[in-house]
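Single-letter residue listing:
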Amino acid sequence: MTRTAAPAALLAGALLLTACGTAQEPATKAAAATRPPATPTRPAVADPVVLTYDGGLYVLDGRSLELVKDIPLAGYNRVNPAGDARHVLVSTSTGFRVLDAASATLKDDEFKGAKPGHVVRHAGTTVLFADGTGEVTLFDPAELAAGLPKGEVYTSATAHHGVAVALENGELVVTLGTEEKRTGIAVLDAQRKEITRSEDCPGVHGEATAQDEAVVLGCEDGVLLYKDGRISKIDSPDEYGRIGNQSGSDLSPIVLGDYKKDPDAELERPTQVSLIDTTTGTLKLVDLGTSYTFRSLARGPGGEALVLGTDGAVHVIDPAAGKVVRTIKVLGEWKEPLEWQRPRPNLFVRDQVVYVSDPEGKRLHAVDFASGEVTRSASLPQPPNELSGVVS
C-alpha cells in the first residue's frame, strides 16, 4: 500500500465501521462504548538498515528502502550490528546505546562507556570495548529485547584504543596497550586468567575471525594469528605494511585486510588489499587499480572478499585464487576526505544484498549480489555517513 493510498483506505475502513455501527443493538453499542481502545502497535521494519548523518539516524526498511524513521541524535555517532535480528548499537559520546531497529525506536538502554570503540560479534556473544577506560563488556544479544543485559565486564590493565573477541570455549582475546602505544594481544581463559600473549604487534588494531575460529588482529608490520591455542606472527612483505582493518567469514580460512605502506603519509590512499591465509600462515597482496577506505571492506554470501573502490565499483575477489573475478559498478568516482569522520561511501552486506551508500548523491543503493544489478535506490534528506543493519 502506498503512502497516499493508506489514509484513503483507513478513512474508508472508518466509514465502514461507522455504517455498521448504526445497525448495532443497544447492548452491543453499550459494550462497544465501554471497551478500552486498542493499543496502537508500530509495524515491524523488515530487514532494518541504519545510517547515520550529521544530527541523527535514518532507519530504513531493508527490502523496500523506505525511510521509516528519522531519529534526531546530536553528536558524531557510529553504528554496528548488535548481534540479533532486531537491534543495532549506536556509539554516542557516553556509551553504546541500544536502537530497536525493527520498531525504529532508540531506547534509553545504554552500556555506559567513555570513548566507546569497537563492537565485535562472535560465538553468540557481543563484545564492547570502551577506549577511555579499557572496559570490555560481554553479553548475549538475545537478551536485548528484555532490557539491558548485565553481562560480564573485564577491565584491561590500561585504557587504550582496543578490541576484544570472545571465543566458543569461553576464552577472550584482548589487545594490550596504553594511550600512547599499542603492542599486542593477550588470551584469557574462561576465568580470565592469562593463557598466552604476544607483544610483537606494533599499533595493533582491528580484528576478524575466519573459518575454524582463527582470529586475526592487525599490526603495522603484519598480523597476529591466534589459532588452536597458539599465537603466531605473519609478517608484511614491506618493513612498514600496516593492516588495521579486517573482514572475515566463517566460510573462508582467508581474512581480507587493508594494506598501507607509507608511514609518513598524511592520508595514504592504498590500492592494494591483503589476504591472510589462516591455514598456511601466509599473506598475499592484491592490486585493485583503485583506492578504497577503511569502510570499504566486506564479505559476500559465499565468503567472497568485497572492496568498494573510489572508482565507484564493488570489486569481488576470490580469496583462494587471490584475484579480482568481477566488478559491480554502483557509483561514480569519488575521493576519500582527509578527516576520517567525514562522510564517504560505505559497504554493508547481508545475505544476497549489497548495500552501498552515496553521501554526495544523498542516496542508498541495494544491489543483488548474484546479478550485480541495482534493484532499489532511495533518496535521503541528508548525506549519510555510517551504514549498518541488523545481523543475527
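Source: prediction; values computed, not measured.

A. Seen up close, the sheet that holds strand S7 (residues 105-112). As summarised here, the arrangement of the four strands in space is S4-S5-S6-S7, forming an open sheet in which the pairing is antiparallel. On the outer flanks of this sheet lie strand S4 (78-81) and S7, each paired with one strand and no other. Taking the axes of each pair of neighbouring strands and ignoring which way they run, one obtains an average angle of 30 degrees across the sheet. Direction of pairing for strand S5 (residues 87-91) relative to strand S6 (residues 95-100): antiparallel, over a ladder of five bridges. Across the sheet, residue valine 88 finds its bridge partner in S6, namely leucine 99.

B. Representation of the environment of tryptophan 334 in the model. For tryptophan 334, the position within the fold is in the loop between strand S27 (323-329) and strand S28 (347-350). When the C-alpha positions of tryptophan 334 and aspartate 311 are compared, they lie 6.6 Å apart, and in sequence the two are 23 residues distant. Residues within four places of tryptophan 334 in sequence aside, it is in contact with Thr293, Ser296, Leu308, Gly309, Thr310, Gly312, Arg344 and Pro345. Separated by 3.0 Å, the side chain of tryptophan 334 and the backbone oxygen of glycine 309 make a polar contact.

C. Representation of the side chain of glutamine 272 within the structure. Mapped onto the elements, glutamine 272 comes out in strand S22 (residues 272-277). Taking the relative accessible area as the measure of exposure, glutamine 272 reaches 12% and is therefore buried. Of the polar contacts made by the side chain of glutamine 272, one reaches the side chain of aspartate 287; its length is 3.2 Å. Ignoring any residue separated from it by four or fewer positions in sequence, one finds glutamine 272 in contact with Asp258, Tyr259, Lys261, Leu285, Val286, Asp287 and Tyr292.

D. Region of interest: the confidence of the model for the chain. Confidence in the prediction of the chain, expressed as mean pLDDT, is 91, and 89% of residues score 70 or more. Within the model, pLDDT remains below 50 along residues 1-41, and this stretch shows six contacts once partners closer than five positions in the same chain are excluded.

E. Expanded view of the nonpolar core. Among the nonpolar cores identified, the biggest contains 23 residues, and Leu256, Val273, Leu275, Ile276, Tyr292, Val307 and Ile317 are the most heavily contacted of them. Counting residues per element, the ones that place at least two in this core are strand S16 (205-210), strand S17 (214-219), strand S18 (222-227), strand S21 (254-257), S22, strand S23 (282-287) and strand S25 (305-308). Other than its neighbours up to four places away in sequence, tyrosine 292 contacts Asp258, Tyr259, Pro270, Thr271, Gln272, Val273, Leu297, Val307, Leu308, Gly309, Thr310 and Glu336.

F. Structural detail: the sheet that holds strand S8 (residues 116-122). One open sheet holds the four strands; their spatial order is S8-S9-S10-S11, and the pairing between them is antiparallel. Edge positions in the sheet fall to S8 and strand S11 (152-155), since each of these pairs with one other strand and no more. Across the sheet, the mean angle separating the axes of adjacent strands is 20 degrees when strand polarity is ignored. Pairing of S8 with strand S9 (residues 125-130), which is carried by five bridges, proceeds in the antiparallel orientation. From the neighbouring strand, histidine 122 faces S9, where its bridge partner is threonine 125.

G. How the structure looks around the pairing of S27. For strand S26 (residues 313-318) and S27, the ladder comprises six bridges, and the chain directions are antiparallel. Within S27, the position partnered with isoleucine 317 by the bridge is valine 324. Once S26 ends, the chain turns through four residues before running back antiparallel as S27, passing glycine 322 with a positive phi of about 70 degrees.

H. Just the state of the cysteines, in detail. Considering all chains together, one arrives at one disulfide under this definition. Sulfur-sulfur distance for the disulfide between cysteine 201 and cysteine 219 comes to 2.0 Å. Linking cysteine 201 and cysteine 219, the disulfide has an S-S dihedral of approximately -105 degrees and is accordingly described as left-handed. With cysteine 201 in the loop between strand S15 (194-198) and S16 and cysteine 219 in strand S17, the pair connects residues that are 18 residues apart, well separated along the chain. Each member of the pair, cysteine 201 as well as cysteine 219, carries the same accessibility label: buried.

I. Spotlight on unusual backbone geometry. Phi is positive for aspartate 47, which is not a glycine, with a value near 45 degrees. Overall, the relative accessible area of 33% leaves aspartate 47 in the partly exposed class. Positive phi, normally seen in glycine, also occurs at aspartate 351, with a value near 55 degrees. One can find aspartate 351 in the loop between S28 and strand S29 (353-358).

J. Structural detail: the pattern of salt bridges. Scanning the entire structure with this criterion turns up 14 salt bridges. Across the pair lysine 107 and aspartate 109 runs a salt bridge whose closest N-O atoms are separated by 3.6 Å. A relative accessible area of 17% places lysine 107 in the buried class. Between lysine 233 and aspartate 235 there is a salt bridge, with its nearest N and O atoms 4.0 Å apart. Residues participating in the shared-partner salt-bridge network are Asp200, Asp221, Lys233 and Asp235.

K. Examining the packing of aromatic side chains more closely. Under the criterion given, the structure shown has five aromatic pairs. Summarising the aromatic geometry, the rings of phenylalanine 348 and tyrosine 355 are spaced 6.0 Å apart at their centres and angled 25 degrees between planes, so their arrangement reads as stacked. Tyrosine 355 matches phenylalanine 348 in its accessibility class, with the two residues each being buried. Counting every residue linked through ring pairs, the aromatic cluster contains Tyr76, Phe294 and Trp340.

Procedures and definitions
- Residues numbered from 1 in each chain as written.
- Predicted model: local features only at pLDDT ≥ 70, side-chain atom pairs only at ≥ 80, totals over all residues.
- Heavy atoms only, no water.
- Pairing = 2+ DSSP bridges.
- Helix = DSSP H or I, 4+ residues; strand = E, 2+ residues; numbered from the N terminus.
- Axes fitted to C-alpha atoms, helices over the stretch in contact; angles between N-to-C directions.
- Contact = heavy atoms within 4.5 Å.
- Polar contact = N/O pair within 3.5 Å; in protein donor to acceptor, adjacent residues only side chain to side chain.
- Buried < 20%, exposed > 50% of the residue type's maximum accessible area, 1.4 Å probe, protein only.
- pLDDT = per-residue confidence, 0-100.
- Core = buried A, V, L, I, M, F, W, Y, C linked by side-chain atoms within 4.5 Å.
- Disulfide = S-S within 2.5 Å.
- Salt bridge = Lys/Arg side-chain N within 4 Å of Asp/Glu carboxyl O.
- Phe/Tyr/Trp six-rings, centres within 6.5 Å; stacked < 30°, edge-to-face > 60°.

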